[in-house]
Amino acid sequence: MARKIFYHRRSRRRALAAAGLVLSAAVLFAAGLYTGLALAPLFTPTQIAVTNEPPAVLAAAEF
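Every value quoted in this text rests on a predicted model; they were computed, and no experiment measured them. (Residues numbered from 1 in each chain as written. Predicted model: local features only at pLDDT ≥ 70, side-chain atom pairs only at ≥ 80, totals over all residues. Heavy atoms only, no water.)

Caption draft 1: Just the overall build of the protein chain, in detail. Summing up its helical and strand segments, the protein chain has two helices and zero strands in all. Taken across its 63 residues, the protein chain has 0% of its residues classed as buried. (Helix = DSSP H or I, 4+ residues; strand = E, 2+ residues; numbered from the N terminus. Buried < 20%, exposed > 50% of the residue type's maximum accessible area, 1.4 Å probe, protein only.)

So, in structure tokens, the structure goes:
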């Protein structure tokens with residue numbers, strides 16, 4: 001009987017460790033996905049080309 005309890009506890013620890021690993025991977029994936037979707041407009045070239053701002057011109061002192 002002692003062996004049965006020992007093996008049961010061991011498998012429970014493995015299951016908890018695997019569940020924790022899966023949960024942390026899911027949280028990291030969700031955070032990365034949210035960050036990527038939030039920052040995507042900063043890196044799209046169409047957003048930069050469509051703006052109505054005049055092109056940057058450097059002054060003579062900036063050369």
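Caption draft 2: Broad picture of a nonpolar patch on the surface. A cluster of nonpolar side chains, F29, L33 and L37, forms an exposed patch at the surface whose accessible area comes to about 360 Å². Tracing the sequence through the fold places L33 in helix 1 (residues 2-39). Residue classification places L33 among the partly exposed residues on the basis of a relative accessible area of 44%. (Patch = residues over 30% accessible without salt bridge, like charges linked within 9 Å, V, L, I, M, F, W, Y side chains within 5 Å. Areas by Shrake-Rupley, 256 points an atom, 1.4 Å probe, with all protein chains shown as cover. Salt bridge = Lys/Arg side-chain N within 4 Å of Asp/Glu carboxyl O.)

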